Amino acid sequence: MKAKTLLFAIVTLLITNTQIMAQNNGKRILVAYFSATGTTARAAEKLADITGGECYAITPARSYTSADLNWNDRRSRSSVEMNDPKSRPALAGKKLDVAAYDVIFIGYPIWWNLAPRVINTFIENHDLKGKTIVPFATSGGSGIDHSVKSLKAEYPELNWAEGKLLNSLGEASIRQWAERVAPGVK
Ligand SMILES: Cc1cc2nc3c(=O)[nH]c(=O)nc-3n(C[C@H](O)[C@H](O)[C@H](O)COP(=O)(O)O)c2cc1C
């Protein structure tokens, strides 16, 4: 009886897993994001919901205080980092196993029209070659294009797909774009 129950559980698990894989056209999707004040995190969760991807928070070893984020202060941590193209804030936690994913969305808040330097740390610490990398961002009004251009120039070896600013974007437009960059998502 116990063996039967176990067999039933295994078969159910296999079927469910196959169904999930089918929904994503066999593509395994990761939605990795950095968010200092929660806006990009909310966009990432929405995106993961829509695409059936897994959410992963890119977490700096030292989190950003509001003083760190003060763009009016030339000496604040964010100002100093963004003024230094070589700055690579350390990450917390252990390295993520990206081998398991085919499509990796990378989300961030626009800082000084760029991706925060911790995004560079994440990209350089993981082997992203051969994967589809899809940038997305939130901002106070700036577009995403300048930050994407910069990332593409810094990492030309990566396979970049069309990026998207997700500021108050509705589900239908997010889904349309996700379908374009990763055909067959959910
Ligand atoms: C240091 C810093 C620099 C910023 N620079 C810009 C910018 O250049 N253009 C813009 O539209 N918004 C800028 N913002 C606003 C953020 O992009 C926006 O509030 C974003 O949605 C925050 O996301 P988060 O809550 O995930 O951190 C900046 C914010 C900070 C803290």
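Everything here concerns the structure above.
Residues numbered from 1 in each chain as written. Predicted model: local features only at pLDDT ≥ 70, side-chain atom pairs only at ≥ 80, totals over all residues.

Asks: With reference to specific residues and values, describe the nonpolar core.
Replies: In terms of nonpolar packing, the biggest core is built from 39 residues, with Leu30, Val31, Ala32, Ile104 and Phe105 touching the most fellow members. Those elements that place two or more of their residues in this core are strand 1 (29-33), helix 2 (39-51), strand 3 (103-109), helix 4 (117-125), strand 4 (132-138), helix 5 (145-154) and helix 6 (171-181). Aside from chain neighbours lying at most four places away, what touches Phe105 is Leu30, Val31, Ala32, Leu47, Gly53, Val134 and Phe136. (Core = buried A, V, L, I, M, F, W, Y, C linked by C-beta atoms within 7 Å. Buried ≥ 20, exposed ≤ 12 C-beta atoms within 10 Å, placed from the backbone. Helix = DSSP H or I, 4+ residues; strand = E, 2+ residues; numbered from the N terminus. Contact = placed C-beta atoms within 7 Å.)

Asks: Let's hear about the site of the ligand: which residues, and what values?
Replies: For the ligand, the set of nearby residues contains 20 residues, the closest of which are Ser35, Thr39, Thr40, Pro109 and Gly140. Element by element, the count of residues in the shell around the ligand is highest for helix 2, at three residues. Among the residues making up the shell around the ligand, the classes are represented as eight nonpolar, 12 polar and no charged. (Near = placed C-beta within 6 Å. Nonpolar A, V, L, I, M, F, W, Y, C, P; charged D, E, K, R; others polar.)

Asks: Talk me through the pairing of strand 1; I want residue IDs and the actual numbers.
Replies: The element strand 1 is extensively covered by neighbouring structure, given that five of its five residues are classed as buried. Here strand 1 shows two buried faces, one formed by Ile29, Val31 and Tyr33 and the other by Leu30 and Ala32. Strand direction decides the pairing type here: strand 1 and strand 3, joined by five bridges, are parallel. By the bridge assignment, Ala32 is partnered in strand 3 with Ile106. (Pairing = 2+ DSSP bridges.)

Asks: Provide a residue-level description of the environment of Ser35, including the pertinent values.
Replies: Looking at the secondary structure, you find Ser35 in the loop between strand 1 and helix 2. Separated by 73 residues in the primary sequence, Ser35 and Tyr108 place their C-alpha atoms 6.1 Å from one another. When residues no more than four places from it in sequence are discounted, the contact partners of Ser35 are Thr40, Ala41 and Pro109.

Asks: Tell me what's going on with the packing of helix 2 against helix 6, and back it up with residues and numbers.
Replies: In the contact formed by helix 2 and helix 6, the axes pass within 10 Å of each other and the chain directions differ by 65 degrees. In the packing of helix 2 onto helix 6, the handedness of the crossing is right-handed. Between helix 2 and helix 6, the contacting residues are Lys46, Leu47, Ile50 and Thr51 on the first element and Glu171, Ile174, Arg175 and Ala178 on the second. Along the lines of polarity and charge, the residues of the contact of helix 2 with helix 6 split into four nonpolar, one polar and three charged. (Axes fitted to C-alpha atoms, helices over the stretch in contact; angles between N-to-C directions. Left-handed = near helix turned anticlockwise from the far one by under 90°.)

Asks: Lay out unusual backbone geometry with the relevant residues and their values.
Replies: A negative phi holds for most residues other than glycine; trans holds for most peptide bonds. Backbone geometry at Asn113 places phi at a positive 65 degrees, although glycine is not the residue there. Its place among the elements puts Asn113 in the loop between strand 3 and helix 4. For Asn113, a count of 14 C-beta atoms within 10 Å translates into the label partly exposed. One non-glycine residue, Ser168, lies in positive phi territory at about 40 degrees. Classification of Ser168 as exposed rests on a count of 7 C-beta atoms within 10 Å.

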